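Secondary and tertiary structure notes
Now for the letters of each chain:
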4 protein chains.
Amino acid sequence: MFNSFVTRYWFSSEARSLWSDSSTLQAWLDVEAALASAQAEIGLIPADAAATIASKADAKFFDTEALAHEIAFAQHPLVPVLHRFESLCGEPHAGYLHFGATTQNIFDTATALQVRRTHALLASDLRGAMEALAQLARAHRETPMAGRTHGQHALPMTLGFKIAGWLEELGRDLERLDARLAPSFPACMGGAIGTFAAMGGQGREVEALVASKLGLEPAGLPSRASFDRAADYIGALALLAGTAQKIAGDVVFLQRTEVGELSEAFHVGKVGSSTMAQKRNPSTALLLVSLARMLRGRVPLALEAMVRMDEGDSSATNVTDTLLPELGILAASVAQTLSRLVRGLVVHPEAMRRNLAATQGLINAEAVMMELTKVMGRHEAHKLLLEAAQRTHTEGCSFLASIMEHPSAAAYPSANRLAEALDPGTYIGDSVRLTDEAVSRISPRAR
Amino acid sequence: MFNSFVTRYWFSSEARSLWSDSSTLQAWLDVEAALASAQAEIGLIPADAAATIASKADAKFFDTEALAHEIAFAQHPLVPVLHRFESLCGEPHAGYLHFGATTQNIFDTATALQVRRTHALLASDLRGAMEALAQLARAHRETPMAGRTHGQHALPMTLGFKIAGWLEELGRDLERLDARLAPSFPACMGGAIGTFAAMGGQGREVEALVASKLGLEPAGLPSRASFDRAADYIGALALLAGTAQKIAGDVVFLQRTEVGELSEAFHVGKVGSSTMAQKRNPSTALLLVSLARMLRGRVPLALEAMVRMDEGDSSATNVTDTLLPELGILAASVAQTLSRLVRGLVVHPEAMRRNLAATQGLINAEAVMMELTKVMGRHEAHKLLLEAAQRTHTEGCSFLASIMEHPSAAAYPSANRLAEALDPGTYIGDSVRLTDEAVSRISPRAR
Amino acid sequence: MFNSFVTRYWFSSEARSLWSDSSTLQAWLDVEAALASAQAEIGLIPADAAATIASKADAKFFDTEALAHEIAFAQHPLVPVLHRFESLCGEPHAGYLHFGATTQNIFDTATALQVRRTHALLASDLRGAMEALAQLARAHRETPMAGRTHGQHALPMTLGFKIAGWLEELGRDLERLDARLAPSFPACMGGAIGTFAAMGGQGREVEALVASKLGLEPAGLPSRASFDRAADYIGALALLAGTAQKIAGDVVFLQRTEVGELSEAFHVGKVGSSTMAQKRNPSTALLLVSLARMLRGRVPLALEAMVRMDEGDSSATNVTDTLLPELGILAASVAQTLSRLVRGLVVHPEAMRRNLAATQGLINAEAVMMELTKVMGRHEAHKLLLEAAQRTHTEGCSFLASIMEHPSAAAYPSANRLAEALDPGTYIGDSVRLTDEAVSRISPRAR
Amino acid sequence: MFNSFVTRYWFSSEARSLWSDSSTLQAWLDVEAALASAQAEIGLIPADAAATIASKADAKFFDTEALAHEIAFAQHPLVPVLHRFESLCGEPHAGYLHFGATTQNIFDTATALQVRRTHALLASDLRGAMEALAQLARAHRETPMAGRTHGQHALPMTLGFKIAGWLEELGRDLERLDARLAPSFPACMGGAIGTFAAMGGQGREVEALVASKLGLEPAGLPSRASFDRAADYIGALALLAGTAQKIAGDVVFLQRTEVGELSEAFHVGKVGSSTMAQKRNPSTALLLVSLARMLRGRVPLALEAMVRMDEGDSSATNVTDTLLPELGILAASVAQTLSRLVRGLVVHPEAMRRNLAATQGLINAEAVMMELTKVMGRHEAHKLLLEAAQRTHTEGCSFLASIMEHPSAAAYPSANRLAEALDPGTYIGDSVRLTDEAVSRISPRAR
């Protein structure tokens with residue numbers, strides 16, 4: 001999927017590169033080198049062994065095709081790499097490679113490095129998206145449009161207010177991801193079962209030093225049977241996917257042929273259909289929905305794989321070791337696609353006005369109710385309007401007329417005030433203030 | 001399921017009660033009363049209206065059976081309740097009830113109250129479980145047992161170390177839940193679409209005051225289309241479920257007829273089977289696995305329901321409004337069952353010793369390897385032991401003999417040192433130190 | 001959720017009753033009675049014991065509240081029921097109760113009885129829904145409306161054709177469920193591990209006779225560790241949920257304020273909002289989406305619970321024993337709600353015409369392309385129209401003009417023919433024929 | 001994941017090749033050629049156009065790297081391929097390419113071809129696995145071992161019986177997949193919205209002819225908004241995953257260091273650990289668990305993607321178009337790995353006997369109960385044995401002694417008969433007969 005000639009362009013090419021074979025191998029080698037270096041500093045292995053190991057820790061010395069065959073034969077993902085690494089280092093230094101560590105230590109720590117880089121991509125695109133949205137919200141802080149609930153017009157609001165809701169949710173998504181990155185992906189050097197058994201009592205110090213060299217936190221109790229930390233970050237990715245799909249879904253609807261309030265960027269050469277020449281599909285928004293589903297749909301796999309037998313369980317780590325690259329690429333692609341989508345949004349305020357006016361005032365029923373509460377109870381006003389609205393629905397007459405002709409409306413003195421209340425631009429509540437606040441809350445974060 | 005005569009006992013009765021019809025109704029009434037009280041303080045409605053509303057806000061004045069019928073007819077979950085409430089309040093106070101709020105505001109805020117109470121139950125049971133585990137870990141900080149990876153003996157460790165891993169994960173689970181509770185479930189008073197349109201420009205203040213009266217945080221931008229905050233807490237519940245299932249799975253295995261290292265509490269009168277009299281099943285652990293799956297299995301529904309149309313969408317809120325009670329009861333029951341399980345655990349150190357000895361020293365292969373690295377490289381030692389272990393597997397001879405008879409072992413001077421390295425009690429690494437640290441980290445939290 | 005005063009009306013009351021405590025208990029008793037009766041016929045137990053057992057196999061002799069307490073103490077779901085049953089039968093007949101069976105045999109077979117009854121409800125509502133849809137499709141076989149893809153107008157079609165697609169999918173759903181019911185829920189009498197060990201070599205015959213008495217198929221190899229058969233029916237429920245959600249989603253969209261092509265039934269007294277009097281929400285369609293999600297969302301739990309340890313595993317059967325009642329009620333409620341939705345649908349052909357006309361002919365671009373292929377290649381025609389459509393999008397001029405003024409159109413002789421091709425009622429393809437065929441395929445099944 | 005140098009060997013290389021870029025492109029071209037050929041036969045397009053199209057329908061004429069760039073620019077997955085194809089065909093034949101079809105028609109029909117080939121691989125490996133299992137079952141039809149429920153010894157059985165359970169489930173899995181393949185993946189040629197609008201009233205005939213040329217069934221009503229058919233096959237894959245994971249889980253447990261009843265194939269050069277030389281992990285079984293999870297975990301995505309807007313919805317088809325290749329490769333790999341696993345299984349009957357004997361007769365409690373029912377009621381016998389078993393559990397004395405010394409056992413005349421009943425090899429029920437029947441049912445299918 002990520003490499004297919006058909007769908008490759010859906011995905012962030014930077015993220016794909018961060019998880020390529022050579023990047024993965026390099027991350028392993030970096031971790032082995034950091035381990036040797038830390039052990040040399042602490043005095044567990046000779047300093048020149050560490051130096052040799054560091055000098056050979058370069059993916060260009062390895063042939064991944066050959067390794068693929070050896071891995072298949074050994075049915076072990078790291079030992080063939082170590083054999084090659086050993087022969088690069090030569091005796092006696094080869095003997096100090098991978099000292100006291102277990103395979104999963106290397107993989108988990110290398111993955112932490114790759115996730116950190118992927119997070120940087122993701123966060124940058126999210127910040128870009130938020131900045132673009134903040135500009136749009138500011139520009140349209142007073143542009144009136146229909147607010148909708150349950151698929152029907154509800155109350156007027158402004159486009160700024162709508163975007164403010166997106167912004168707030170995205171802001172929380174990014175905060176969560178930022179906060180969880182470091183604790184979710186620590187350096188682990190506990191050895192076969194996490195007891196540091198092969199580190200001569202200095203394992204904790206080795207782990208801390210490796211972590212510091214690689215810019216990570218140490219795992220502390222380096223259990224291979226615990227995945228809750230990574231799963232917590234993955235959970236935050238699921239929330240990001242939810243937000244992205246919500247925004248994309250809104251765009252798809254607002255671009256509907258009948259609605260036409262927003263449209264996504266179009267360029268000459270973009271094709272909507274192999275057969276229908278008129279088509280301008282919201283293809284970026286639809287793709288974003290798809291990517292969000294792919295991302296969110298993989299999260300239960302991660303949650304299930306938290307459940308691990310005993311002190312280590314490859315039936316679970318096989319799943320998560322291959323899931324994290326997928327999640328990383330998908331998440332970065334969600335952020336990238338979201339950023340592209342929102343940067344290209346075109347607003348059609350005239351369509352917003354047309355749609356607001358389409359119901360002859362019904363969208364302002366609550367405004368009238370609040371006006372009527374000056375002379376009657378909220379519940380009586382609601383009943384009156386329920387009946388008046390029904391007449392408008394059934395007979396097609398204007399809502400103002402239906403109200404004024406309702407017997408209970410006799411108590412109400414001013415048709416003018418009602419007509420004002422029925423003006424669809426007027427009942428936007430705190431839309432503007434809420435927009436401004438959301439924009440100002442987000443803006444420092446977005447820069 | 002929660003009320004069935006067959007399975008009722010699986011679930012926390014306190015949690016079931018917190019989400020009963022009358023508790024739910026009472027929570028709605030409490031929110032309506034707090035809203036009226038806040039609006040009176042701010043001057044939006046008369047003080048005596050608020051007082052009357054407060055005095056009638058008692059579920060005992062309402063007949064939920066009658067309401068159920070009216071709700072079915074109106075196809076609206078709150079309006080019939082409001083009608084009854086209005087007739088209890090009488091004119092003119094009835095007119096100030098539910099002023100400027102929308103149904104979902106009441107529901108979301110009431111749910112926040114119920115979740116907060118459920119969280120207290122859950123947290124208390126988790127702390128209890130952690131305390132019991134901390135005691136067990138302390139008592140068995142040095143009790144040796146086999147560490148296992150991929151379903152096979154790996155290295156020796158202590159029971160304390162194993163439990164330390166459980167403790168750390170539970171500690172993180174509880175921290176996450178504690179930290180997310182308040183921000184995940186704020187008070188929302190934004191009205192129909194979140195613009196505070198019917199609060200005369202003072203909606204933000206009303207919301208803040210309602211929140212403060214109810215011990216909640218205000219929502220800020222009170223979007224009904226955002227569910228990321230609640231979903232974040234729900235995600236943390238999924239992690240708790242993962243931890244609980246991991247622990248329960250370990251217990252089920254360690255109680256296996258052939259393993260016998262742990263067993264769960266048994267009382268006379270507990271029945272294992274309607275037909276096999278000998279059965280002592282780990283039924284609490286198996287139930288815990290089941291509850292954890294039920295909890296975890298509902299999380300994708302919550303994630304999917306983050307995706308909401310426009311400014312409000314009952315196709316999603318229908319799901320989450322009914323999901324939260326289920327998640328609450330399940331989570332409290334997971335915590336309660338976990339607490340019961342770990343309090344009743346019986347340890348069989350003699351079985352642990354027997355199992356450690358069962359492989360004639362193979363479990364200590366790494367210990368020997370680290371010993372041999374004093375005279376050869378790590379990789380050469382690994383190769384030697386690979387061949388010796390294979391001979392022991394195939395011919396059934398002792399591992400010590402296989403090693404000593406291996407040609408490459410000639411270089412190694414001391415059979416005694418090897419025999420020592422092969423003693424299964426000796427190679428427990430930092431088990432004890434890691435146990436002590438985990439216990440001390442957890443203990444303050446657990447009290 | 002199923003019993004809450006707020007949401008009870010969402011669910012089929014018949015289905016709720018089929019899975020009530022007393023129905024469940026009665027199903028257990030029926031299975032025990034059938035077992036005794038079969039064993040008496042075969043000569044394994046005395047005939048008068050079977051007669052006594054049958055005479056006491058009535059839920060009214062049992063107190064489910066008392067049983068709930070005993071079950072909690074024994075931590076076993078059936079043994080307390082058997083104790084009460086034994087004391088009802090008296091000596092010596094009590095000794096022949098539950099002879100050679102294990103608890104899970106009784107539960108699985110009883111569940112089969114309850115599922116069969118639930119299926120009948122579900123199938124009846126589905127057939128009702130299909131009949132209503134077939135009528136609607138017939139009535140609107142020629143009513144033109146916009147076909148839409150990717151959220152944009154694509155080609156014209158008829159409402160009949162749209163409904164034909166719903167019908168075909170529903171028809172397949174029902175066929176699948178009908179075909180899988182019997183094999184998915186057989187009678188199982190294999191005893192503790194499925195070997196019929198306690199049936200003296202006649203277990204297979206006992207099982208076949210029990211099955212025949214209860215109207216079920218025998219399990220054959222009655223493994224308690226196999227759940228694939230039930231899971232297959234559950235999978236078909238997930239497909240039904242998918243279809244229902246698709247239809248409901250279409251209705252929600254077609255009732256959108258801006259679209260207005262369909263609306264769901266409205267009655268005076270139905271309330272859309274506690275605050276917005278004008279609201280007529282598609283609440284049945286939205287509820288159907290919710291129910292479908294709840295149903296579909298539980299399916300992964302069933303799939304996961306296929307994976308069972310050894311010969312029996314309560315960590316899985318706890319989940320599926322409680323899941324099947326939920327799935328049953330949800331599925332029956334999906335079918336009932338779908339039936340209610342489609343019976344109440346109101347069609348607005350004038351809105352369909354209005355929307356068809358809204359794009360000045362663009363929706364017929366393909367029709368023009370096929371017309372132009374009479375004088376040029378399909379790909380050249382596509383290119384011409386791509387450019388013409390873009391001009392219409394950008395400049396707002398009519399599509400006919402854009403085409404005629406395009407240089408490549410010079411080759412095309414007849415503006416009249418193009419104008420005809422651009423008439424949105426004319427390019428409906430085989431809509432009518434496909435409608436008629438779908439209706440005729442479904443109709444016999446629907447009766 | 002599928003191409004990574006680390007994990008590539010997990011996956012069926014044949015399946016990977018069936019879904020490679022060039023195979024996918026070739027399948028598209030084959031469908032276009034079949035369409036042209038069918039249209040020529042029916043007279044819709046010139047015969048020489050179809051001949052030219054067929055002659056150019058070869059992936060080797062296309063440069064997928066170049067296409068990848070053009071697709072990214074057009075944001076359309078097929079149009080760039082068509083452009084290249086047109087230029088290969090030249091005028092005027094190019095104009096008859098893709099005549100009346102829409103992109104999704106080509107994709108769905110091509111996918112059907114690829115799924116059919118993948119199914120053949122999968123079915124062949126499943127048949128191979130079943131044959132190997134049938135041999136093993138036959139060989140061990142009488143080999144006694146412990147049957148286990150809820151993680152504890154339950155009753156004796158034979159290995160043959162255990163395998164018979166696996167076989168039956170696999171047999172049903174394969175039957176389901178075989179039966180669903182053709183109806184689930186038909187040829188679809190309905191055009192943009194499924195009305196055959198651009199086929200001049202002969203679309204149905206074109207579709208039928210295309211289907212027949214490609215060895216597929218015609219879709220009938222070729223809705224792009226229906227995915228239930230494919231989802232039904234995918235559901236059957238989920239069941240296969242469940243079966244595979246169940247079998248693999250059993251193997252992992254039976255190979256546990258303490259249990260040792262089965263072990264999977266080992267070869268010199270297979271590495272268990274980078275640090276623990278003794279390790280012989282059940283790595284194939286653990287991998288099978290992982291693959292099964294990856295397969296099963298993707299199924300909810302397919303179910304969710306059944307829900308499609310209107311007449312076509314790329315937010316869903318993007319997901320399923322990329323999901324089907326993944327599911328295909330995973331399913332083939334599950335079958336291949338299962339086949340490898342079961343072919344390599346080594347049985348240790350002596351460990352089975354040792355484990356059977358480990359509980360001093362407790363495993364035969366039911367046998368004694370059935371023996372005692374000759375002189376007392378089933379329930380009295382159960383009570384007696386409950387107490388005797390408890391004494392054995394607590395005091396460690398033999399079960400026979402506990403029983404004989406129980407006061408109620410005085411009525412029972414023969415210690416010999418009890419001792420016989422306690423012989424763990426004797427109470428295997430119908431294990432042998434059920435094994436033979438399962439083997440004979442499967443065998444014709446397996447050949």
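Because the structure is a prediction, the values reported are computed rather than measured. (Residues numbered from 1 in each chain as written. Chains lettered and ligands numbered in written order. Predicted model: local features only at pLDDT ≥ 70, side-chain atom pairs only at ≥ 80, totals over all residues. Heavy atoms only, no water.)

What follows deals with the overall build of chain A. Helix and strand content of chain A: 17 helices and four strands. The C-alpha atoms of chain A give a radius of gyration of 30 Å, which is well past the 22 Å a tight globule of 447 residues would have. Structurally, chain A occupies a C-alpha span of about 100 × 50 × 40 Å along its principal axes. Put simply, chain A has 447 residues, and 69% of those count as buried. Put simply, 75% of the contacts in chain A that link residues at least 6 apart link residues at least 24 apart. About 13,000 Å² of surface is accessible on chain A, with carbon and sulfur atoms providing 54% of the total. (Helix = DSSP H or I, 4+ residues; strand = E, 2+ residues; numbered from the N terminus. Rg over C-alpha atoms; globule rule 2.2 N^0.38 Å. Buried < 20%, exposed > 50% of the residue type's maximum accessible area, 1.4 Å probe, protein only. Contact = heavy atoms within 4.5 Å. Areas by Shrake-Rupley, 256 points an atom, 1.4 Å probe, with all protein chains shown as cover.)

This part is about the packing of aromatic side chains. Enumeration according to the criterion identifies 28 aromatic pairs over all chains in this entry. The interplanar angle of 75° and the centroid separation of 4.8 Å between the aromatic rings of F2(A) and F11(A) together place this pair among those described as edge-to-face. Of the residues examined, F11(A) reaches a relative accessible area of 3% and is grouped as buried. Here Y96(D) and F99(D) contribute two aromatic rings whose centre-to-centre distance is 6.1 Å and whose plane-to-plane angle is 35°, an arrangement assigned as tilted. In this structure F99(D) comes out as buried when scored by relative accessible area, which is 9%. By the ring-pair criterion, three or more aromatic residues cluster together here, those being F2(A), W10(A) and F11(A). Here the guanidinium or amino end of K56(A) rests over the ring plane of F61(A), the centre of that ring lying 5.8 Å away. (Phe/Tyr/Trp six-rings, centres within 6.5 Å; stacked < 30°, edge-to-face > 60°. Lys NZ or Arg CZ within 6 Å of the ring centre and 35° of its normal.)

What follows concerns the relation of the copies chain B and chain A. Least-squares fitting of chain B to chain A yields an RMSD of 0.0 Å, with the superposition described by an axial translation of 0.0 Å and a rotation of 180°. Here the transformation between the copies is reduced to the relation of a two-fold axis. For chain B, the smallest separation between a C-alpha atom and the rotation axis is recorded for G235(B), amounting to 3.0 Å. A shared binding surface is used by both copies, with 100% of the interface residues of chain B retained as interface residues in chain A. (Least-squares fit on C-alpha atoms with pLDDT ≥ 70 in both.)

Moving on: the relation of the copies chain C and chain D. The two chain copies are related to each other by a rotation about an axis together with a translation along it. Each copy of the sequence occupies a distinct position, and chain C is placed on chain D by a rotation of 180° and an axial shift of 0.0 Å, giving an RMSD of 0.0 Å. The overlap is high: 100% of the interface residues of chain C also sit at the interface in chain D, so the same surface is used on both sides.

Moving on, we come to the interface of chain B and chain A. Chain B puts 88 residues into the contact, and the matching count from chain A is 88 residues. Taken together, both faces of the contact between chain B and chain A bury some 7,000 Å²; the carbon and sulfur share is 56%. When residues of chain B are sorted by the area they lose upon contact with chain A, L221(B), D310(B) and R378(B) head the list and together hold 10% of the total. Between R204(A) and E437(B) there is a salt bridge; the shortest N-O distance is 2.5 Å. Run the count over chain B and chain A and you get 39 residue pairs in polar contact (both at pLDDT 80 or more). When residues of the side of chain B that touches chain A are assigned to their parent elements, the largest contribution, twelve residues, is made by helix α9 (residues 228-254) of chain B. (Buried area = accessible area lost by both parts, 1.4 Å probe. Salt bridge = Lys/Arg side-chain N within 4 Å of Asp/Glu carboxyl O. Polar contact = N/O pair within 3.5 Å; in protein donor to acceptor, adjacent residues only side chain to side chain.)

Turning next to the pairing of strand β2 (residues 152-158) of chain C. All names here are of chain C. In terms of burial, β2 is a largely internal element, seven of the seven residues being buried. Bridge count between strand β1 (residues 144-149) and β2: five bridges; the pairing is antiparallel. If you follow R148 over to β2, its bridge partner there is H153. Taking the residues that link successive antiparallel strands as the turn, the β1-β2 hairpin has two residues, and the phi of H150 there is positive, at about 55°. (Pairing = 2+ DSSP bridges.)

Moving on: the packing of helix α3 (residues 47-56) of chain C against helix α5 (residues 79-89) of chain C. Residue and element names in this part refer to chain C. Direction vectors running N to C along α3 and α5 enclose 115°, while the axes themselves pass 9 Å from each other. Both α3 and α5 take part in a crossing whose hand is right-handed. Across from T52, I53 and K56 in α3, the residues of α5 making contact are F85, L88 and C89. Each residue belonging to the contact of α3 with α5 can be placed in one class, and the counts come to four nonpolar, one polar and one charged. (Axes fitted to C-alpha atoms, helices over the stretch in contact; angles between N-to-C directions. Left-handed = near helix turned anticlockwise from the far one by under 90°. Nonpolar A, V, L, I, M, F, W, Y, C, P; charged D, E, K, R; others polar.)

This part is about the pattern of salt bridges. Evaluation of the coordinates by the stated rule reveals 128 salt bridges over all chains. The shortest N-O distance in the salt bridge between R391(B) and E405(B) comes to 3.0 Å. With R391(B) in helix α14 (residues 378-395) and E405(B) in the loop between α15 (399-404) and α16 (415-421), the pair connects residues that are 14 residues apart, well separated along the chain. The class of R391(B) is partly exposed, set by a relative accessible area of 29%. Residue E405(B) is classed as exposed on the basis of its relative accessible area, which comes to 52%. Linking R141(C) and E142(C) is a salt bridge whose minimum nitrogen-to-oxygen distance equals 3.4 Å. Owing to a relative accessible area of 55%, E142(C) belongs among the exposed residues under this scheme.

Let us look at the nonpolar core. Grouped together as the largest cluster of nonpolar side chains are 647 residues, with contacts concentrated most on W28(A), W28(B), W28(C) and W28(D). When sequence neighbours within four positions are dropped, the list of residues in contact with W28(D) reads F5(A), V6(A), P77(D), L78(D), V81(D), I106(D), F107(D) and A110(D). (Core = buried A, V, L, I, M, F, W, Y, C linked by side-chain atoms within 4.5 Å.)

A separate point is the interface of chain C and chain D. Frequently, the measure chosen for interface size is the accessible area removed from exposure when the parts meet. With 88 residues of chain C at the contact, the number on the chain D side is 88 residues. Each partner contributes to the roughly 7,000 Å² buried at the junction of chain C and chain D, and carbon and sulfur atoms together form 56% of this total. Among the residues chain C hides against chain D, the three largest losses belong to L221(C), D310(C) and R378(C). Together they make up 10% of the total. The interface formed by chain C and chain D contains 16 salt bridges. Between R176(D) and D232(C) there is a salt bridge, with its nearest N and O atoms 3.9 Å apart. Linking chain C with chain D are 39 residue pairs in polar contact (both at pLDDT 80 or more). When grouped by side-chain class, the residues that make up the side of chain C that touches chain D number 34 nonpolar, 24 polar and 30 charged.

What follows concerns the domain arrangement of chain A. Splitting chain A by domain gives domain 1 (8-352) and domain 2 (362-421). Placing a centre on the C-alpha atoms of domain 1 of chain A and another on those of domain 2 of chain A gives a separation of 54 Å. (Domains from an automatic or database assignment.)

A few words now on the environment of E65(A). Mapping E65(A) onto the fold places it in helix α4 (residues 64-74). For the pair formed by E65(A) and D21(A), sequence separation is 44 residues and the distance between their alpha carbons is 9.9 Å.

Turning to unusual backbone geometry, a few remarks are in order. In this structure, the amide linkage connecting E91(A) to the following residue, P92(A), adopts the cis form with an omega of -5°. Mapped onto the secondary structure, P92(A) falls in the loop between α5 (79-89) and α6 (103-139). In this structure, H98(C) takes a positive phi of about 55° despite not being glycine. Located in the positive-phi region is Q360(D), a residue other than glycine, with phi close to 55°. The residue Q360(D) is located in the loop between α12 (349-357) and α13 (365-372) in this model.

All names here are of chain D. Tracing the sequence through the fold places L356 in helix α12. The class for L356 is buried, based on a relative accessible area of 3%. Residues L356 and G147 lie 209 residues apart in sequence; the distance between their C-alpha atoms is 9.0 Å. Residues contacting L356, with those up to four places away along its chain left out, are P144, M145, A146, P156, I363 and P424.

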